[in-house]
Amino acid sequence: MKERVSLNIRLFLVTMCIAVPVIAALFFTGIRERTSAKKERINELHADVEVEMSRIDTQLKFLRNSLANLVMDNAEFKHIADEDEEDNDFWLANQTVLEKINNQTAELDPGFTVFVYYPENGVFYNYKKDIGVSEFVRRQINEQAELSAYRQWSTIWCAGQPYLFFLLDYNNYYIGAWSSYENLLQGLQQNTDKTGEAGILQEKYLICDENGQVMVPAEDKDTWLSFGRNMYTDEEKNSWYYAGAISELSDFYLVKQISKTTLEEQLPAIGSEITVFAAVILLLFVVYGVCLYLWILTPMAYLKKSMEIIQQGELDYRIPELDNCSAEFDAVIQEFNYLMDHIKNLKIQMYEERLAGKETELQYLSRQIQPHFILNTLNTIYNYSESDVKTTKQLIRLTSGYYRYVVNVNSRYVQLGQELEHIQDYMRLQKMRYPNAFNYKVTCEETIKIVPIPPFIIESFVGNAIKHGLKPGKMTEIQVNVSKLEEFRILIQVKDNGTGFSDDSLDAVEEFLEKGIVSEELGVGICNSVARLRLIYGDKCEIRIYNQEPSGAVVDITLNLQKTKAV
């Protein structure tokens, strides 16, 4: 055998040849310059939002003070409240007040609305500017709500929209102003309208409440910001840098954000020395890639192809020895071939043992289901033999048919129609034992009566309904319904309107289905039937046992007839 160089040595040498130049190239070039530029740009973001917040606060302070001065010792405002609408003084004062309000509004940014409200005579100037907010003002004043909070600029919500609002009261009238946050933000957005390729603003303003939840714009309302940080990722997985400033006069934050992509595009480009380093690094990685391909990827692909051949069932296939591979791959090939020889022998042995064991288990479980019924049937025949010859003959005929089916079933599967006929014989016998205790009905679609199912599966659940579900002195209805859910899937349902399962029985059933633990609450027949279904169908069988409303027990067995578990 050839002396081969270890794969560890080869990879170590190649890695060292690449790592040293890469570290020297990346950590001592323009990365520091870009980092510094990014910090400066974020600081500019903070400065921009503070300037805009200061401008908004200045405007809010000016509006509040100017409205206070507007009504100070102004006789026209008082005339509106004191005079009657039919008086000339009222209409002259009305004209003067409207001019003053309009002049005051003209000095503000678009979107601000100044209003005056006289609750006694119902006069409301600028009511139609925003009926929703006007109604809010009227309701708060008329209901004598606590208005002190509105003497400073506050956030209110009307029709699901946030507004900036304040209110001053003067004896028998009120003056104030409002602006929707959308309007407040609109002017800022127009000055910062930087749209990306997908039509999304890459640099924009937001307005948040004092808890950090975005109020506007509406599409960002589900976003929460933490002002201890300066970056977040939205639902579209886009990263944003942001800075916020809180208003000195109100309870909102103004936030400016810029997408990470846009910010990085604004950073200075890497210098020519970085380009040279990048070219060197690229060349080194090409060398590394070629070595990796020849020494690792090619042998790995060869091993993978060989394993796929074995996976397809070619257990006699063995991996040939490779030229120019490392000592580790050569050892793996030899060890793998040895293990395949060993596995092939073990697989044959285990498969034969499994077949024998499961066949014995199936036979044992199947034979456990019928014997308990023999004594009850014979006892019923004996009871009728002296008093009712006709019924005795009928019992003997049904019993012989029942046990003929039991004795002659040697196959693991029978046709569904045969099994249902057997169930009907079984329930006829039970009906003769309990003539006034229950009625029964068996339904099945004709198209699925030929499908194969394990014998005696349904009988245990029907017997449980008769044994535990009958109500003394009342007629119980027992139904066996078989239906086709979809191609290769059928539902077998056994249900009654009797007493149903007790809570302890349901707990025992759930424990048996999930953990396989057999409780005294469960009968042998149910346990054996479930065990046989699990053994034959594996996870292709679904079993549900529950109570229905208002009373009665239900057993649902869903079988996948196409992909049964091989035994």
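Fair warning: this is a prediction, and the values are worked out from it, not measured in the lab. (Residues numbered from 1 in each chain as written. Predicted model: local features only at pLDDT ≥ 70, side-chain atom pairs only at ≥ 80, totals over all residues. Heavy atoms only, no water.)

Caption draft 1: Just the overall build of the chain, in detail. Helix and strand counts for the chain stand at 15 helices and 18 strands. When the 567 residues of the chain are sorted by exposure, 43% land in the buried category. When the accessible surface of the chain is split by element, carbon and sulfur atoms take 52% of a total near 32500 Å². (Helix = DSSP H or I, 4+ residues; strand = E, 2+ residues; numbered from the N terminus. Buried < 20%, exposed > 50% of the residue type's maximum accessible area, 1.4 Å probe, protein only. Areas by Shrake-Rupley, 256 points an atom, 1.4 Å probe, with all protein chains shown as cover.)

Caption draft 2: Quick peek at the sheet that holds strand 17 (residues 541-547). If you walk across this open sheet you meet the five strands as 13-15-16-18-17, and the pairing is mixed. The sheet is open, and its two borders are formed by strand 13 (438-444) and strand 17, each paired with just one other strand. Averaged over all pairs of adjacent strands, the angle between their axes in this sheet comes to 10 degrees, without regard to strand direction. Here seven bridges tie strand 13 to strand 15 (residues 476-486), and the two strands are oriented parallel to one another. Paired with C444 across the strands is V482, a residue of strand 15. Its contacts with the sheet put helix 12 (residues 416-433) on strand 13 and strand 15, and the angle it makes with strand 13 is roughly 175 degrees. (Pairing = 2+ DSSP bridges. Axes fitted to C-alpha atoms, helices over the stretch in contact; angles between N-to-C directions. Contact = heavy atoms within 4.5 Å.)

Caption draft 3: Geometry of the environment of L533. Counting through the fold element by element, L533 comes out in helix 15 (residues 524-537). Note on L533: relative accessible area 0%, which makes it buried. Spatially, the C-alpha atom of L533 lies 9.7 Å from that of I453, the residues being 80 residues apart in sequence. Not counting residues within four places of it along the chain, the set of residues in contact with L533 comprises I457, G538, C541, I543, I557 and L559.

Caption draft 4: Focus on the pattern of salt bridges. Under the definition given, this model contains eleven salt bridges. With a closest N to O distance of 3.9 Å, R489 and E486 form a salt bridge. Note on R489: relative accessible area 22%, which makes it partly exposed. A single salt-bridge network, built from bridges that share partners, covers R41, E44, D48, E203 and K256. (Salt bridge = Lys/Arg side-chain N within 4 Å of Asp/Glu carboxyl O.)

Caption draft 5: Examining the packing of helix 12 against helix 13 (residues 457-468) more closely. At a minimum axis distance of 10 Å, the contact between helix 12 and helix 13 shows a crossing angle of 25 degrees. Judged on the interaxial angle alone, helix 13 and helix 12 are roughly parallel. When you trace helix 12 past helix 13, the crossing you get is right-handed. Mapping the contact onto sequence places E419, L420, H422, I423, Y426, M427 and Q430 in helix 12 and I457, I458, E459, V462, G463 and I466 in helix 13. Looking at the contact of helix 12 with helix 13 residue by residue, the classes come out as eight nonpolar, three polar and two charged. (Parallel < 35°, antiparallel > 145°, perpendicular 65-115°, else oblique. Left-handed = near helix turned anticlockwise from the far one by under 90°. Nonpolar A, V, L, I, M, F, W, Y, C, P; charged D, E, K, R; others polar.)

Caption draft 6: Region of interest: the sheet that holds strand 3 (residues 154-158). Spatially, 2-1-5-4-3 is the arrangement adopted by the five strands of the open sheet, whose pairing is antiparallel. Since the sheet does not close on itself, it has two edges, and those belong to strand 2 (123-125) and strand 3, each with one partner. Sheet twist, expressed as the mean angle between neighbouring strand axes with direction ignored, is 30 degrees. Strand direction decides the pairing type here: strand 4 (residues 161-170) and strand 5 (residues 173-180), joined by eight bridges, are antiparallel. Each bridged residue has a counterpart across the sheet, and for L167 the counterpart in strand 5 is G176.

Caption draft 7: Representation of unusual backbone geometry in the model. Of note, the bond from V216 into P217 is cis; its omega dihedral lies within 30 degrees of zero at 0 degrees. Inspection of the secondary structure puts P217 in the loop between strand 8 (214-216) and strand 9 (231-233). Residue A159 is not a glycine yet carries a positive backbone phi of 55 degrees. Here A159 shows up in the loop between strand 3 and strand 4. One non-glycine residue, F456, lies in the positive phi region at around 65 degrees.

Caption draft 8: Quick peek at the packing of aromatic side chains. Tallied over the full model, the rule gives 15 aromatic pairs. Here the aromatic rings of Y150 and F165 are separated by 5.4 Å at their centres, their planes lie at 80 degrees, and the arrangement is edge-to-face. Here Y150, found in the loop between helix 5 (131-142) and strand 3, pairs with F165, found in strand 4; they are 15 residues apart in sequence, far enough to count as distant. For F165, a relative accessible area of 1% puts it in the buried group. Positioned above the aromatic ring of F438, the side-chain terminus of K431 is 5.7 Å from the ring centre. Positioned over the ring face of Y546 is R544, at 4.3 Å from the centre of the ring. (Phe/Tyr/Trp six-rings, centres within 6.5 Å; stacked < 30°, edge-to-face > 60°. Lys NZ or Arg CZ within 6 Å of the ring centre and 35° of its normal.)

Caption draft 9: Inspection of the environment of E477 at higher detail. Secondary-structure assignment places E477 in strand 15. Since its relative accessible area comes to 34%, E477 is described here as partly exposed. The spatial distance from the C-alpha of E477 to the C-alpha of K441 is 8.0 Å, given a sequence separation of 36 residues. Filtering out sequence-adjacent residues up to four positions away, E477 remains in contact with N439, K495, D496 and N497.

Caption draft 10: View of the pairing of strand 1 (residues 113-118). When you tally the buried positions in strand 1, you get six out of six residues, the bulk of the element. Covered by surrounding structure in strand 1 are T113, F115 and Y117 together with V114, V116 and Y118, the residues of both alternating faces. Note that strand 1 and strand 5 share five bridges and pair antiparallel. Residue pairing for strand 5: T113 is matched across the bridge by W178. Pairing between strand 1 and strand 2: three bridges, direction antiparallel. The partner of Y117 across the bridge, within strand 2, is F124. Connecting the antiparallel pair strand 1 and strand 2 is a turn made up of four residues, with G122 showing a positive phi of about 75 degrees.

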